[in-house]
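Each chain, letter by letter, is given below.
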Amino acid sequence: MELLLDGKKVSENIKSKFEEKISKLTKQPKIAVLSLNPNDSNLTYIKRIEKNCEKYKIGFVLKITKTEQEFITELNKAKESKEITGIMCQQPLPRSLFNEINTIPLEKDIEGITHESLGKVFVGEKNINIPCTSKAVMEVLDYYNIDLTGKNVVVVGRSNIVGKPLIPQFLEKNATVTVCHSKTKNIETILQMADIIVMAIGKAKFLKKEMIKEGAIIIDVGINFEDGKMCGDVDFEDVKDKVYAITPVPGGIGVVTNALLMDNIINSAVQK
Ligand code: NAP
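Before going into details, it helps to say that this report is about the structure given with it. (Residues numbered from 1 in each chain as written. Predicted model: local features only at pLDDT ≥ 70, side-chain atom pairs only at ≥ 80, totals over all residues. Heavy atoms only, no water.)

### Description of the packing of helix α1 (residues 7-15) against helix α7 (residues 132-143)
The contact between α1 and α7 brings their axes to 10 Å, and the two run at 95°. The orientation of α1 relative to α7 falls into the category roughly perpendicular. Along the contact surface, α1 presents K9, V10, N13 and I14, while α7 presents E139, V140 and Y143. Considering only residue class, the contact of α1 with α7 consists of four nonpolar, one polar and two charged. (Axes fitted to C-alpha atoms, helices over the stretch in contact; angles between N-to-C directions. Helix = DSSP H or I, 4+ residues; strand = E, 2+ residues; numbered from the N terminus. Parallel < 35°, antiparallel > 145°, perpendicular 65-115°, else oblique. Contact = heavy atoms within 4.5 Å. Nonpolar A, V, L, I, M, F, W, Y, C, P; charged D, E, K, R; others polar.)

What follows is the structure, encoded as structure tokens:
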């Protein structure tokens, strides 16, 4: 490995601009986090966002709901509120709520998850909220000046928050993009041709050295736990001597995603 793509450095760079951004705001950012029957790990995640909001003096309201109807009522209140600048919906949520989530106004959609936001990502519109994890992948590549022009990029995973929104972002940078998923045949052959691989499948240590070419660049989005230890979708120890560059887990895409979420929260208070 020539280069460890350190997410902490990228996230520090994003966060270094927060104070100046906040000082220029004429309205205070305030987010509403809506959660339906959260479990302990959901609550830990929410607590972390609350702590970050406290650090930057950003308003934070948590609405824990027990029924879908209660969730919809709180969502409507947050949509209509003049004080709330951004709305976050704790995932996963039942399918029956998807239509409701799609009604979050564009300017309050800090996670970039509505069809309107995603549609704008696909046509390459600027200054919109892009799903943070997919944006984190692009930020890391950009921070390390990795030129994507003409590069053969393989994204593994086709979720709406990671895999799919990466397609237009890589195309925008003139890369050639292939997306693989659980029904892809001969995935190893496809991976072996990749200059850059983005792994986002949620399968611990799936990617091994036999599957990649010498000098590939690997971005590991996966968050898994093996024997109580966090690991990615890439077998880091196995591939590290064959790759040119790689993101670690933890300390890679996750920390950048967190910083970008805060960035979207701050930006939600910019008067448009
Ligand atoms: P998801 O919605 O569960 O989607 C997983 C995708 O992986 C699906 O498209 C699935 O294919 C594909 N897949 C599963 N097994 C596969 C296999 N053996 N070969 C090829 N493709 C396979 O996942 P997600 O929400 O995008 O998350 C993916 C991973 O990223 C998870 O580990 C998650 O924890 C992590 N994540 C990290 C962050 C972060 O901040 N770092 C944020 C979000 C997610 P099908 O579509 O055919 O089922």
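### Concerning the pairing of strand β8 (residues 217-220)
Each regular strand carries side chains that alternate between the two faces of the sheet. Residues I217 and I219 of β8 are buried on one face, and the alternating residues I218 and D220, pointing to the opposite face, are buried as well. Bridge count for strand β7 (residues 196-199) against β8 is four bridges, and the pairing is parallel. Within the sheet, the bridge partner assigned to M199 lies in β8 and is D220. For β8 and strand β11 (residues 245-246), the ladder comprises two bridges, and the chain directions are parallel. Paired with I218 across the bridge in β11 is I246. (Buried < 20%, exposed > 50% of the residue type's maximum accessible area, 1.4 Å probe, protein only. Pairing = 2+ DSSP bridges.)

### Remarks on the nonpolar core
A general trend in soluble globular proteins is that nonpolar side chains are found buried together. Grouped together as the largest cluster of nonpolar side chains are 47 residues, with contacts concentrated most on V137 and F170. No other element matches the eight residues that helix α11 (residues 253-267) contributes to this core. Look past the residues within four positions of F170 in its chain and what remains in contact with it is V137, M138, L141, L148, V153, V155, A175, V177 and V198. In this structure, V154, A194, I212 and V234 belong to the second largest nonpolar core, which totals 17 residues. (Core = buried A, V, L, I, M, F, W, Y, C linked by side-chain atoms within 4.5 Å.)

It is worth stressing that arrangement in space is one thing and function is another; only the former is reported here.
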